[in-house]
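Architecture at a glance
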Amino acid sequence: MDKHRSRWTYSITKLIFWTTLFAGTILFICFHSPPSDSQSIHPNMKWGSPQWDKRVKSSARSRSGHITVLVTGAAGFVGSHVSAALKRRGDGVVGLDNFNSYYDPSLKRARQKLLERNGIFVIEGDINDSHLLKKLFDIVSFTHVMHLAAQAGVRYAMKNPGSYIHSNIAGLVSVFEACKSANPQPAIVWASSSSVYGLNSKVPFSEKDRTDQPASLYAATKKAGEEIAHTYNHIYGLSITGLRFFTVYGPWGRPDMAYFFFTKNILKGKSINVFEGSNNKSVARDFTYIDDIVKGCLGALDTAEKSTGSGGKKKGNAQLRVFNLGNTSPVPVTKLVSILEKLLKVKAKKNVLPLPRNGDVMFTHANISYAQKEFGYKPTTDLQMGLHKFVNWYLDYYSISEKKKSFW
């Protein structure tokens, strides 16, 4: 009986995965090219104008011997940090972001301003706009694409599932299409997720472990992305590296993440929900500090081999890789809360609740030996130090924001 049930569960999992992939492909075919004349970064600068072209070329300029990178999701949490790090070391960087309202767009705009002060042009546009992507590849010979644009978040998929198909599947195909048609083809590094491990109970999670049991739609779209990456590598010779991020946190982070809204609610005297599993076991995460993630992203870019195709045709086998980027030290969420209480000097009002069935899993734990071997990835920031840096940023950023609001 258990054997039949196992086969049935496996079949359903496969059906869900391929249904998601098929739906994404249909969505891409129907909607991947929104009207291109609506995209602009400033009211007086439409994309495609001479002034716009000049800014793109200026932003893409690199020091001799350095790479030129198109960063999608550049105004996002990881994207803004990676873009800044690339520019600091002399690489050419052009950013692309659609500034959607999944979380407060003003935070994304603030990141954009910081990047522009450092000479990085962040274009407002959608990765599904094939005309915009073609234009960018026409005026800049990108050596690499750092594809970080995605619909993030596990729980939000229950409210807006279509956004995950649009961004994480159709958007990924759109980027791959632009890259395979470019001449020369760039090497691609893109953000997968530790969520692909889903209901896997073997720890720590290794890149060779099964990933066919996604616990959320978000995880399913990221798993679909890895399969799509394999296809474009096999058919078109694109060099593709996927990065499975493990719970990234730090300054300029995402407001939908627990450490961020815990901080906000603790300071406001509001209660926070802390989830636990059976037998009062706390949920645990492999929290990874943003600076460590950035080092991993740069390491992946620097070791990415060239794509082997030209004009959409494969001329040889190309590199295909996937890496875990984590901290290798899972920490219970209860410990996260206690650290925040000490840093904020405020006692949290905790509601301890059973973990709901909304796509979250009990724990994550990364095996990073492959990334260590390939490009020397070694995280150095523990949760205590990382949260200290985050809290300092949070208090500074939002106190400044409050002054601005009162001033205006």
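Residues numbered from 1 in each chain as written. Predicted model: local features only at pLDDT ≥ 70, side-chain atom pairs only at ≥ 80, totals over all residues. Heavy atoms only, no water.

Looking at the packing of helix 3 (residues 77-88) against helix 9 (residues 290-302)
Relative orientation and spacing of two packed helices are given, respectively, by the angle between their axes and the distance between those axes. To keep it simple, the criterion reads: Axes, fitted as lines to C-alpha atoms, cover a helix only where it is in contact. Angles between the N-to-C directions of the axes lie from 0 to 180 degrees. Helix and strand definitions here come from DSSP, where helices need a minimum of 4 consecutive H or I residues and strands a minimum of 2 consecutive E residues; each element is numbered from the N-terminal end. Orientation labels follow simple angle bins: below 35 degrees gives roughly parallel, above 145 gives roughly antiparallel, 65 to 115 gives roughly perpendicular, and whatever is left gives oblique. Each crossing gets its handedness from the near helix: less than a right angle anticlockwise from the far helix is left-handed, clockwise is right-handed. In what follows, residue pairs with any heavy atoms lying within 4.5 Å of each other are defined as contacts. Each residue receives one of three labels: charged for Asp, Glu, Lys and Arg, nonpolar for Ala, Val, Leu, Ile, Met, Phe, Trp, Tyr, Cys and Pro, and polar for the others, Gly being one of them.
Contact pair helix 3 / helix 9: the axes reach a minimum separation of 10 Å and the direction vectors enclose 60 degrees. Relative to helix 9, the element helix 3 lies oblique. For the pair helix 3 and helix 9, the crossing hand works out as right-handed. Residues Phe77, Val78, His81, Val82, Ala85 and Leu86 of helix 3 form the contact with helix 9, whose participating residues are Ile290, Ile293, Val294, Cys297, Leu298 and Leu301. Counted by class, the contact of helix 3 with helix 9 contains 11 nonpolar, one polar and no charged residues.

Re the nonpolar core
Using the following cut-off: Buried residues of nine kinds, namely Ala, Val, Leu, Ile, Met, Phe, Trp, Tyr and Cys, make up a nonpolar core once their side-chain atoms join them within 4.5 Å. Summary of the burial criterion: residues with accessible area below 20% of their type's maximum are buried, those above 50% are exposed, and those between are partly exposed, where the area comes from a 1.4 Å probe applied to protein chains only.
Counting 74 residues, the largest nonpolar core has Met146 and Phe245 as its most contacted members. Grouped together as the second largest cluster of nonpolar side chains are 37 residues, Leu70, Leu96, Leu132 and Ile188 included.

Quick notes on the sheet that holds strand 5 (residues 121-124)
Whenever strands of a sheet pair, they do so through backbone hydrogen bonds, lying parallel or antiparallel. Cut-off, in case you're wondering: When DSSP finds at least two bridges between two strands, those strands are taken to pair.
Spatially, 5-4-3-6-7-8-13 is the arrangement adopted by the seven strands of the open sheet, whose pairing is parallel. Each end of this open sheet is capped by a strand with a single partner; those strands are strand 5 and strand 13 (320-325). Along the sheet, successive strands turn relative to each other by an average axial angle of 20 degrees, direction set aside. Here four bridges tie strand 3 (residues 68-72) to strand 6 (residues 144-147), and the two strands are oriented parallel to one another. Counted as the bridge partner of Val71 is Met146 from strand 6. Seen against the sheet, helix 3 touches strand 3, strand 4 (92-97), strand 6 and strand 8 (240-245) and runs at an angle of roughly 165 degrees to strand 3.

A word on the environment of Ser163
Keep this limit in mind: In protein, a polar contact requires one atom able to donate a hydrogen and another able to accept it; more generally it is a pair of N or O atoms within 3.5 Å, and residues adjacent in sequence count only if both atoms are side-chain atoms.
With respect to the element layout, Ser163 can be found in helix 6 (residues 161-181). Taking the C-alpha atoms as reference points, Ser163 and Tyr102, 61 residues apart in sequence, are found 9.8 Å from one another. Looking at Ser163, its side chain comes within polar contact range of the main-chain oxygen of Asn160, at 2.8 Å.

Quick notes on helix 4 (residues 105-117)
To be explicit about the condition: The length a helix should cover is 1.5 Å for every residue beyond the first.
Helix length check: helix 4 (13 residues) gives 19 Å between terminal C-alpha atoms against 18 Å at 1.5 Å per residue, within 8%. For helix 4, the full list of buried residues reads Leu107, Lys108, Ala110, Arg111, Gln112 and Leu115. Just beyond helix 4, the residue with positive phi is Gly119, at close to 85 degrees.

Here we look at unusual backbone geometry
Put simply, Asn183 and Pro184 share a cis peptide bond, and its omega is 10 degrees. Within the element layout of this structure, Pro184 appears in the loop between helix 6 and strand 7 (187-191). Cis geometry marks the peptide bond from Val203 to Pro204; its omega dihedral reads -5 degrees. Located in the positive-phi region is Thr247, a residue other than glycine, with phi close to 35 degrees. With a phi angle near 65 degrees, Thr328 is a residue other than glycine that sits in the positive phi range.

Re the pattern of salt bridges
Cut-off, in case you're wondering: Salt bridge, as used here: a side-chain nitrogen of Lys or Arg that lies within 4 Å of a carboxyl oxygen of Asp or Glu.
Taken as a whole and assessed by the stated rule, the structure comprises 14 salt bridges. A salt bridge links Glu226 to Arg244, with the nearest nitrogen and oxygen atoms 2.7 Å apart. Here the residue Glu226 occupies a position in helix 7 (residues 217-236), and Arg244 occupies one in strand 8, the gap between them amounting to 18 residues. Across the pair, Arg244 and Glu226 agree in class, each one buried. Through salt bridges with shared partners, one network takes in Arg89, Asp91 and Asp302.

Some words on the pairing of strand 7
Rules: A clockwise path from the first strand over the helix to the second, with the strands pointing away from the viewer, defines a right-handed crossover.
Along strand 7, five of the five residues are buried, which leaves the element largely enclosed by surrounding structure. The alternating pattern of strand 7 places Ala187, Val189 and Ala191 on one face and Ile188 and Trp190 on the opposite face, and all of these are buried. Pairing between strand 6 and strand 7: four bridges, direction parallel. Paired with Met146 across the two strands is Val189, which belongs to strand 7. You can see the chain leave strand 6, run along helix 6 and come back into strand 7, and the turn it takes is right-handed. Two strands pair when backbone bridges link them, and strand 7 and strand 8 are joined in this way by four bridges, in the parallel orientation. Looking at the pairing, Ile188 lines up with Ile240 of strand 8.

Things to note about the side chain of Glu207
Where we set the bar: Positive charges are assigned to Lys and Arg, negative charges to Asp and Glu, while His and the chain termini are left out of the count.
Here Glu207 lies in the loop between strand 7 and helix 7. The side chain of Glu207 is buried and forms no salt bridge, while Arg244, the nearest opposite charge, is found at 6.2 Å. A polar atom in the side chain of Glu207 sits 2.8 Å from the backbone nitrogen of Asn324. For Glu207, the contacting residues outside a window of four places in its chain are Tyr197, Arg244, Val322, Phe323, Asn324, Asn367 and Tyr370.

Here we look at the packing of helix 2 (residues 50-60) against helix 5 (residues 130-139)
Between helix 2 and helix 5, the shortest axis-to-axis distance is 10 Å and the interhelical angle comes to 65 degrees. Two packed elements cross with a definite hand, and for helix 2 against helix 5 that hand is right-handed. For the pair formed by helix 2 and helix 5, the contact residues are Trp52, Asp53, Val56 and Lys57 on the first element and Leu132, Lys135, Leu136 and Ile139 on the second. Its residues assigned to classes, the contact of helix 2 with helix 5 shows five nonpolar, no polar and three charged.

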